[in-house]
Amino acid sequence: MSQSSVDALPESLVVVSNRQPYSHEWTADPVEGAITTDDVAVTTATGGVTSALDPLMRSLGGTWVAWASGDADMAVADEGIVAVPPGEESYDLKRVPLSEEEIEGYYHGYANQVLWPLCHEESGRIWAKPTYWEQYRAVNERFAGAVREVTDPEDTVWFQDYHFALAPRRVRTARPDATLHHFWHIPWPAPTVFDHCPRGEAVLDGLLACDVVGFHTEPDADHFCRCVEAIVPDATVDLDNSVVRYEGTETRAVANPLGIDVDGVRHRAENADTDAVRRQLLGDTVPDPSIPIVLGVERLDYSKGIPERIAALDHLWERRPDLRGEFTYVQKASRTREGIAAYRRYRQDVVAEMQRINERYGTDDWHPAVYTERRLSAETLAGLYRVADAALVTPHRDGMNLVAHEYPTACVDGDGALVLSELAGAATQLDGALTVNPHDIAEIADAIERSLELDERDRRERLARLQASIEVLDSTNWVERQFRAGPD
Ligand code: F6P
């Protein structure tokens, strides 16, 4: 795609996100003197935000502002700015270094112990130490300052995610004529849940400095407007059109579901050496390639519903002893946010449950469940998806969930079944999945059973429907839809 050929796109763009698209790490202890390429390794982020926005930035040019999380990030930059991608240098990456105290209060604090549990309807997990809000506000101010440094008055800025609810207001004050966009990548809760938010009115005030706030689904956009109506007395809310007028800005709340780079995932799956992937990841535990694989891929986040899924496997093997030995469950897990006790405990629980199920059902010839925390390249992951006969995506709540897009796309042999939580944003968009209530262990067990026993025609027909609905949501379309919703 030539991004600049699309009318709605700005001529250049400033993107703001917590995670950066490229990070630099020392390969050895830094030494005084000139830095050589041997001293530093560059890592490219693989998440949904980078795969959607990096191609856009490469085509448009501009600046991406993000947290300098790599230990060599600032050393390779000039006044915090480095041209990326390496070797292509088509846009600037402006890095904002954060102190330990800032990371604790902003990232581990208000972002991930207040907004994250709030928006995933886990308000019992909210923990709001006074320093969390102070640091969240201070870091948002620092990012706003970085944006002011790299923008002209009428530029377009696109903030990403719940890390930056306050920065838009700070930027708007200095840049009244700028066009400001935001995309909230996690769910937005109903007003009765948002009532739990400490400093909720300030969060809404920050976002209402934007011309457009994007959400994955219609209910998220509607909840946002209803929260504004309930909490911000001076705002005028048009619920029918999802438009808010406040402090001189007209803000449109739009449903704009994010998808994946469909061609990229498909290409990687087509080129995957599935025998090598099997050998590398499953060789010791599932030596027989005819044993079906049921797959789960996620960060170890308490919103993902992994314990219920393991309980469902337990229930299924209990109820259907004939299915013991007939398939293996593979859990690819990534450690995450371990500065927060709830995440450390969640990981321990998942690991313990995986062990328990293997002890209960395992035999000399059969490994019921395989658990891996290995970091996989995008190529290997696409190969693993292709090898799997079914995938389980059963979060309690999820903004979208891109694994639900990647797995069917990578099933390039036309065969594969998706069990999907009806509370993931993906369930509102994708057609052909076996949907479940993620808390209903018996229902998840039934869906796993069904995913393995669907007749071939039904499996293929469902997968084709999934693939067609995913294709429509390709990340290129997401970018275009966001800017089409902006001011003329
Ligand atoms: O889903 C929201 C999100 O911020 C994603 O954009 C990101 O991939 C994920 O959570 C990972 O979170 P973190 O950056 O805290 O590791």
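Residues numbered from 1 in each chain as written. Predicted model: local features only at pLDDT ≥ 70, side-chain atom pairs only at ≥ 80, totals over all residues. Heavy atoms only, no water.

Chemist: A description of the environment of Arg386 should follow, citing residues and the corresponding values.
Modeler: On the secondary structure map, Arg386 appears in helix α12 (residues 378–387). In this view, Arg386 contacts Ala269, Glu270, Ala272, Thr274, Ala410, Val412 and Asp413; residues no more than four positions away in its chain are not counted. Within the local environment of Arg386, its side chain forms a polar contact with the backbone oxygen of Glu270, the two atoms lying 3.4 Å apart. (Helix = DSSP H or I, 4+ residues; strand = E, 2+ residues; numbered from the N terminus. Contact = heavy atoms within 4.5 Å. Polar contact = N/O pair within 3.5 Å; in protein donor to acceptor, adjacent residues only side chain to side chain.)

Chemist: Lay out the nonpolar core with the relevant residues and their values.
Modeler: In terms of nonpolar packing, the biggest core is built from 93 residues, with Trp184, Trp188 and Phe224 touching the most fellow members. With 10 residues, the single largest contributor to this core is helix α2 (residues 100–119). Those residues in contact with Trp188 that lie beyond four places of it in its chain are Phe194, Val203, Leu204, Leu207, Phe215, Asp220, His223, Phe224 and Cys227. Formed by 62 residues, the second largest nonpolar core is a distinct cluster that contains Leu295, Ala391, Leu473 and Val479. (Core = buried A, V, L, I, M, F, W, Y, C linked by side-chain atoms within 4.5 Å. Buried < 20%, exposed > 50% of the residue type's maximum accessible area, 1.4 Å probe, protein only.)

Chemist: How would you summarise the site of the ligand if you had to cite specific residues and measurements?
Modeler: Taken together, the residues surrounding the ligand are Arg19, Tyr107, Trp116, Asp161, Tyr162, His163, Ile186, Arg299, Thr336 and Arg337. Side-chain polar atom of Arg337 to an oxygen atom of the ligand: 2.8 Å apart, as the coordinates give it. Taken by itself the ligand offers 390 Å² of open surface, and the protein chains cover 74% of this. Across the shell around the ligand, the residue classes tally to 4 nonpolar, 2 polar and 4 charged. (Near = heavy atom within 4 Å. Areas by Shrake-Rupley, 256 points an atom, 1.4 Å probe, with all protein chains shown as cover. Nonpolar A, V, L, I, M, F, W, Y, C, P; charged D, E, K, R; others polar.)

Chemist: So what's going on with the sheet that holds strand β9 (residues 212–215)? Residues and values would help.
Modeler: Across the sheet, 10 strands lie side by side as β5-β6-β4-β1-β7-β8-β9-β12-β11-β10; this open sheet has mixed pairing. Among the strands making up the open sheet, the edge pair consists of β5 (81–84) and β10 (236–238). Here the average twist between neighbouring strands, direction ignored, is 20 degrees. Looking at chain direction, strand β11 (residues 243–246) and strand β12 (residues 249–255) are connected through 4 bridges and run antiparallel. When the bridges of β12 are listed, Tyr246 appears paired with Thr249. Lying on the sheet, helix α16 (residues 475–484) is in contact with β1 (13–17), β7 (156–160), β8 (179–183) and β9; it crosses β7 at an angle near 120 degrees. (Pairing = 2+ DSSP bridges. Axes fitted to C-alpha atoms, helices over the stretch in contact; angles between N-to-C directions.)

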